[in-house]
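# Observations on the model geometry
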Amino acid sequence: MKLQHTFSEELFLTNETGRTLYHKYAEPLPIIDYHCHISPKDMYENKEFEDLGEMWLEGDHYKWRAMRTFGIDEKLITGKETSFHEKYLAFAKVLPKMIGNPIYIWCALELKRYFDIAEPLCEENAEEIYQKTKALIREKHMTRQWCMEHSNVRLVSTTEDPIDDLKYHKLLQQDPNCKVRVITAFRPDKAMFLTLDTFDDYLQKLAAAAETEITSFRTMLDALDQRLQYFRAVTETTVSDDGIPNFTWSDYTEEEIEAIFQKARRNEALTVHEVDQYQSAFLVEMGRLYHKEGYVMQLHIGTYLDANTTGVQRVGQSTGFDCTDDQCAVTSVGEILNRLTILGELPKTLLYPLDGTKIETWAVLAAGFCDSGTVAKVQLAAPWWFNDQQFGIDRQFRSCANLYPVALSVGMLTDSRSFISYPRHELYRRVLCNYLGELCERGEYFGSEQNLKEVIEGICFENANQYFGFNVGK
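Residues numbered from 1 in each chain as written. Predicted model: local features only at pLDDT ≥ 70, side-chain atom pairs only at ≥ 80, totals over all residues. Heavy atoms only, no water.

### What to know about the overall build of the protein chain
- For the protein chain, the helix and strand inventory stands at 20 helices and nine strands.
- Over its C-alpha atoms the protein chain spans a radius of gyration of 23 Å, differing by no more than 12% from the 23 Å that the globule rule assigns to 474 residues.
- In terms of its C-alpha atoms, the protein chain occupies a principal-axis envelope of roughly 70 × 60 × 45 Å.
- Here the protein chain, with 474 residues, has 56% of them falling under the buried criterion.
- Residue pairs in contact within the protein chain that sit at least 24 positions apart in sequence constitute 79% of those at least 6 positions apart.
- Surface summary for the protein chain: the accessible area is close to 20300 Å², and the carbon and sulfur share equals 50%. (Helix = DSSP H or I, 4+ residues; strand = E, 2+ residues; numbered from the N terminus. Rg over C-alpha atoms; globule rule 2.2 N^0.38 Å. Buried < 20%, exposed > 50% of the residue type's maximum accessible area, 1.4 Å probe, protein only. Contact = heavy atoms within 4.5 Å. Areas by Shrake-Rupley, 256 points an atom, 1.4 Å probe, with all protein chains shown as cover.)

So this is what it looks like as structure tokens:
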């Protein structure tokens, strides 16, 4: 029996060519994290972390979800009165049992990259590692920005609502000590979710932010356009983001959409068909605005939000009770792309389907809407959320390279609220190089090393840089 008792620098690299490609070309590259949910306020305030418990367990619904599966009391997961030390010890007790789970690997990478600890964390050494990491946090003054700089992050895109004043983005731009470029993604979901009781209140806030009056669907779009321009002016962003939890395309007329909009403002009941019509119109019109303002459209598809309503009521939204939905049809999203193509206003688009079992169909859809003049105009984005682990990443490379040139991918993102999640880029790069190495060693690829270098540097850095127009230097 072969057991390894420390972290290996050859993690996921099972062939010699892959090891060479990773260490020579992928490993040294800086990071562009074009989609995440870190707090710009926390980044600006740049406080030193309290301990490893805070680094790992503040806001990390991946770990919270896993801890619940072990029956750990909620007070040791999200409890406000429980210290991060106590939460950390509860987490450390179950971590060795997470064999095969990405959390185990993420934690190993984070311990190694930020603290140079190669030994596996378990209940027996939990206190010793806690004290060692706490001392290193103090010694190196590990702040939020320190973690990003230590990880060689050059650009990060947070995600904000259109009504956000971007106060902390402005402050970060004025901070001479901030070495990372910070932009934001424009996320207009609250203007699409018209069945919420807060819909009219939200539109009033949007109107105030845009300094205009919203009296119709069209004037709401005008307000969103003003905010798109504001976001672009403040952070030079080119990134938008729309969540599509459960969507079915339905044809509509302008008159129908206006009537639905007014009913929603009055908080009147809407039929499922009316909701589908409104969301269809909203997504098409937002696509037109993204095209007009030079934004990339990101579509996050197929989330089953708040599946456990009791858990959400007890702990809150986005705390580990969301799941994967399989109801959003490829044809529905395809019709959004089709309508925008007919109008001649299809923006660059990234598709993030959450149902990984149908990933090939989404890759085929993306390829069907590419055209001359733009490289990879519509493409399958990084494996998202429940798919952003070794199996999901490898599956996407192996299945979708047959259908869409993998060399054109804009690569990985963290989609995280954690300031130490950047080793996820490393994991992605390792899996990528291992996959390419296998192709080479099986004789399925026999291009030059220079060709491989260009492919790797493109996927890991340069493609995103060019696709979004970031102009970030290496």
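Now that the structure has been shown, we can carry on.
### Focus: the sheet that holds strand β4 (residues 242–244)
- With parallel pairing, the four strands of this open sheet are ordered in space as β4-β5-β8-β9. Of all strands in the sheet, those with a lone pairing partner are β4 and β9 (378–380), marking the two edges. Averaged over all neighbouring strand pairs, the angle between strand axes comes to 20 degrees, with direction disregarded.
- Where strand β8 (residues 349–353) meets β9, three bridges bridge the pair, whose relative direction is parallel. Looking at the pairing, T349 lines up with V378 of β9.
- Here helix α14 (residues 272–293) sits on the sheet and contacts β4 and β5 (297–301); the angle it forms with β4, its principal contact strand, is near 155 degrees. (Pairing = 2+ DSSP bridges. Axes fitted to C-alpha atoms, helices over the stretch in contact; angles between N-to-C directions.)

### Observations concerning the side chain of E426
- Here E426 is to be found in helix α19 (residues 423–441).
- Among the residues examined, E426 registers a relative accessible area of 11% and is labelled buried.
- There is a polar contact of 2.9 Å between the side chain of E426 and the side chain of R113.
- Ignoring anything within four residues of it in the chain, the contact list for E426 reads Y22, L109 and R113. (Polar contact = N/O pair within 3.5 Å; in protein donor to acceptor, adjacent residues only side chain to side chain.)

### A few points about the packing of helix α18 (residues 390–400) against α19
- Look at α18 against α19: their axes get within 10 Å of each other, and the N-to-C directions meet at 40 degrees. The orientation of α18 with respect to α19, classified from their angle, is oblique. Handedness of the crossing formed by α18 with α19: right-handed. The segment α18 lies against α19, with Q390, I393, D394, F397 and R398 engaging L427, Y428, V431, L432, Y435 and E438.
- Considered class by class, the residues forming the contact of α18 with α19 number seven nonpolar, one polar and three charged. (Parallel < 35°, antiparallel > 145°, perpendicular 65-115°, else oblique. Left-handed = near helix turned anticlockwise from the far one by under 90°. Nonpolar A, V, L, I, M, F, W, Y, C, P; charged D, E, K, R; others polar.)

### Describing the sheet that holds strand β1 (residues 31–33)
- Pairing is parallel in the open sheet, where three strands are placed in the order β1-β2-β3. In this open sheet, the two strands that pair with only one neighbour each are β1 and β3 (181–186). In this sheet, adjacent strand axes meet at a mean angle of 20 degrees when their direction is disregarded.
- The sheet strands contacting helix α9 (residues 167–174) are β2 (153–160) and β3, and the helix crosses β3 at an angle near 160 degrees.

### Points about the environment of G392
- Summarising the element assignment, G392 is placed in helix α18.
- The class for G392 is buried, based on a relative accessible area of 3%.
- Sequence separation between G392 and S418 is 26 residues; the distance between their C-alpha atoms is 21 Å.
- With residues near it in sequence (within four places) discarded, G392 still touches P383 and N387.

### Digging into unusual backbone geometry
- Phi at H141 takes a positive value of approximately 50 degrees, unusual for a residue other than glycine.
- Within the element layout of this structure, H141 appears in the loop between α7 (126–140) and α8 (144–150).
- Residue L166 is not a glycine yet carries a positive backbone phi of 60 degrees.
- Looking at the element boundaries, L166 is found in the loop between β2 and α9.

### What about the packing of α19 against helix α20 (residues 449–467)?
- As a packed pair, α19 and α20 sit with axes 11 Å apart at the nearest point and diverge in direction by 155 degrees. Considered as vectors, α19 and α20 are oriented roughly antiparallel to each other. The way α19 lies across α20 gives a crossing that is right-handed. Between α19 and α20, the residues in contact are Y428, R429, L432, C433, L436 and C440 and L452, V455, I456, I459 and C460, respectively.

### With respect to the pattern of salt bridges
- Evaluation of the coordinates by the stated rule reveals 35 salt bridges.
- Linking R138 and E48 is a salt bridge whose minimum nitrogen-to-oxygen distance equals 3.0 Å. Remark: E48 occurs in the loop between α2 (40–45) and α3 (52–57) and R138 occurs in helix α7; sequence separation between them is 90 residues.
- Look at R138 and you get partly exposed, because its relative accessible area is 34%. (Salt bridge = Lys/Arg side-chain N within 4 Å of Asp/Glu carboxyl O.)

### Section: the nonpolar core
- Among the nonpolar cores identified, the biggest contains 96 residues, and Y34, W56 and F115 are the most heavily contacted of them.
- Per-element tally for this core: the top contributor is α19, with nine residues.
- Counting 59 residues, the second-largest nonpolar core is a separate cluster that includes Y295, L299, L337 and A376. (Core = buried A, V, L, I, M, F, W, Y, C linked by side-chain atoms within 4.5 Å.)

### Thoughts on the packing of aromatic side chains
- For the structure shown, the criterion picks out 22 aromatic pairs.
- Look at W56 and F91: their rings are 5.6 Å apart centre to centre, the planes differ by 75 degrees, and that puts the pair in the edge-to-face class. Taken together, the residues W56 in helix α3 and F91 in helix α5 (residues 84–94) connect sequence positions 35 residues apart.
- Note on W56: relative accessible area 1%, which makes it buried.
- Residue classification places F91 among the buried residues on the basis of a relative accessible area of 0%.
- Aromatic ring contacts, followed pair by pair, group F199, F217, F261, Y278 and F282 into a single cluster.
- The ring of W106 carries R424 above its face, with NZ or CZ at 3.9 Å from the centroid. (Phe/Tyr/Trp six-rings, centres within 6.5 Å; stacked < 30°, edge-to-face > 60°. Lys NZ or Arg CZ within 6 Å of the ring centre and 35° of its normal.)

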